[in-house]
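Inside the fold
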Amino acid sequence: MSQTLLNIKNLYVNYETDEETVRALNGVNLKLNKGEMLGLVGETGAGKTTTALSILKLLPKDIGIITNGQIEFDGKDLTKLKEAELRNIRGERISMIFQDPMTSLNPVLTVGEQIAEVIELHKTLDKKQIESKVNEMLELVGIPAKRKKEFPHQFSGGMKQRVIIAMALSCDPELLIADEPTTALDVTIQAQVLNMMEELKHKLNTAMLLITHDLGVVAQICDKVAIMYAGEIIESGTAEDIFEAKEHHPYTVGLFGSIPNLIEKTNRLKPILGLMPDPTDLPQGCKFHPRCPQCMEICRKVHPDDRQTETHTIKCHLYK
Ligand code: SF4
């Protein structure tokens, strides 16, 4: 039976400054089981990275504030933990890889030293054990162990991202959060890194939260999908449900319409008209209503709840 590893319940996060309040997350609900890969999809500004940073409590100090909700990880509410307890979880039980490998590595340390540093920080191992773990991690991501003495500038973009993944997995985390891990890479390297992540998920049984704006990436490797808009999950289900179901949130329909299709002949792609709403001044009712081609009277006034269709969950008044 699948066991829940991460359960985010009704999470609200604001970024507060003297001048304004940015409502970044507005009641996010997400569930991830052990060993599962969930793709969190949405446009820039939808709240994907804020969700990831909230899990690790890495929101900007005194500005990023969790105003409501729970983030249960293996049954413990992370929002209630003290900083010292969180330090034991970060890197060791939950690890994160960031978008741009070029800025995540230290240019003056060898890649081996950087992986060793992570292991030293979280595990009680002697020098020899650490060295053999560094070798093991590099080989795991397809880099010959002898290259551990090289510096980041001697690696290509794809190889650097592999090093970052090796670092993130070096303490055998139960959850790996990957924030747009392939966006900075060219297309062929993207495919290699994604295939490798999928293989690692099967090999290590690590749950993964993959943040992306690319539905193609999700279709390729994820078990579950959650679509985000203006700080809410507006549609979620298994990847099969999302890609094969007939019923969709109008925003998801728009996302699908924006992807080139090799089977259907289309002259022009249909972009989603308009822009994501200003998070300091979100619209009343459904947050997608100013852009929605199916907007009804009720949508302008009443915020829709999650509706369970035959296959999955959609937050929209079109479904009863
Ligand atoms: Fe469109 Fe209304 Fe559904 Fe919002 S609730 S997506 S405005 S139909």
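Every value quoted in this text rests on a predicted model; they were computed, and no experiment measured them. (Residues numbered from 1 in each chain as written. Predicted model: local features only at pLDDT ≥ 70, side-chain atom pairs only at ≥ 80, totals over all residues. Heavy atoms only, no water.)

**Notes on the pairing of strand S2 (residues 21-33)**
As defined by bridge partners, strand S1 (residues 4-16) adjoins S2 across 10 bridges and the pair is classed as antiparallel. Paired with Thr4 across the strands is Asn33, a residue of S2. Once S1 ends, the chain turns through four residues before running back antiparallel as S2. (Pairing = 2+ DSSP bridges. Helix = DSSP H or I, 4+ residues; strand = E, 2+ residues; numbered from the N terminus.)

**Some remarks on the site of the ligand**
Near the ligand the following residues occur: His249, Pro250, Cys286, Phe288, His289, Cys292, Gln294, Cys299, Cys316, His317 and Leu318. Here the residues of the shell around the ligand are counted per class, giving seven nonpolar, four polar and no charged. (Near = heavy atom within 4 Å. Nonpolar A, V, L, I, M, F, W, Y, C, P; charged D, E, K, R; others polar.)

**Details of the sheet that holds strand S6 (residues 94-97)**
Taking strand neighbours across the sheet as the criterion, the eight strands line up as S6-S7-S8-S3-S9-S10-S12-S11 in an open arrangement whose pairing is mixed. Looking along the sheet, the strands with just one partner apiece sit at the ends: S6 and strand S11 (306-308). Within the sheet, the average angular offset between the axes of one strand and its neighbour, ignoring direction, is 20°. Relative to the sheet, helix H7 (residues 187-204) contacts strand S3 (37-41), S6, strand S7 (175-179) and strand S8 (207-212), its axis offset from that of S8 by approximately 160°. The sheet strands contacting helix H10 (residues 250-257) are S3, strand S9 (224-229) and strand S10 (232-238), and the helix crosses S9 at an angle near 105°. (Axes fitted to C-alpha atoms, helices over the stretch in contact; angles between N-to-C directions. Contact = heavy atoms within 4.5 Å.)

**Thoughts on the packing of helix H4 (residues 111-122) against helix H5 (residues 127-140)**
Where H4 contacts H5, the axes come no closer than 9 Å and their chain directions differ by 120°. Our pair here, H4 against H5, has a crossing hand that is right-handed. Only Ile130, Lys133, Val134 and Leu138 of H5 make contact with H4, whose side of the interface consists of Gly112, Ile115, Ala116, Ile119 and Glu120. Residues belonging to the contact of H4 with H5 are distributed by class as follows: six nonpolar, one polar and two charged. (Left-handed = near helix turned anticlockwise from the far one by under 90°.)

**Overview of the sheet that holds S2**
Paired through backbone hydrogen bonds, the strands of a sheet run either parallel or antiparallel to each other. One open sheet accounts for four strands, arranged S2-S1-S4-S5; its pairing is antiparallel. Here the strands that pair on one side only, and so sit at the sheet edges, are S2 and strand S5 (76-77). Where S1 lies against strand S4 (residues 64-73), eight bridges are found, and the strand directions are antiparallel. Bridged to Tyr15 within S4 is Gly64. Contacts between helix H1 (residues 48-55) and the sheet are confined to S1, S2 and S4, with S1 contributing the most and set at about 110° to the helix.

**Examining the nonpolar core**
Counting residues in each nonpolar core, the largest one holds 92 residues, and the members touching the most others are Leu30, Ile55, Ile94, Ile165, Leu175, Ile177 and Leu209. Here the element with the most residues in this core is helix H6 (residues 157-169); it accounts for eight residues. Mapped onto the domain boundaries, this core takes at least three residues apiece from domain 1 (4-93 + 173-315) and domain 2 (107-172). What Ile177 contacts, discounting residues up to four positions off in sequence, is Ala52, Ile55, Leu56, Ile94, Ser95, Met96, Ile97, Leu209 and Ile211. (Core = buried A, V, L, I, M, F, W, Y, C linked by side-chain atoms within 4.5 Å. Buried < 20%, exposed > 50% of the residue type's maximum accessible area, 1.4 Å probe, protein only. Domains from an automatic or database assignment.)

**Some words on the domain arrangement of the chain**
Under the domain assignment used here, the chain contains domain 1 (4-93 + 173-315) and domain 2 (107-172). Placing the centre of domain 1 and that of domain 2 at their C-alpha centroids yields a distance of 29 Å. Taken together, the 18 residues of domain 1 in the interface contact 12 residues of domain 2. For the pairing of domain 1 and domain 2, the buried interface totals around 1300 Å² over both sides, and the portion due to carbon and sulfur atoms is 69%. (Buried area = accessible area lost by both parts, 1.4 Å probe.)

**As for unusual backbone geometry**
In most cases, non-glycine residues show a negative phi, while peptide bonds are predominantly trans. Its identity is not glycine, yet Asn10 carries a phi of approximately 45°, on the positive side. Structurally, Asn10 can be placed in strand S1. The partly exposed category is assigned to Asn10, whose relative accessible area is 33%. In this structure, Glu180 is a non-glycine residue whose phi angle is positive, near 45°. Its location among the elements puts Glu180 in the loop between S7 and H7. Judged by its relative accessible area of 8%, Glu180 falls in the buried class.

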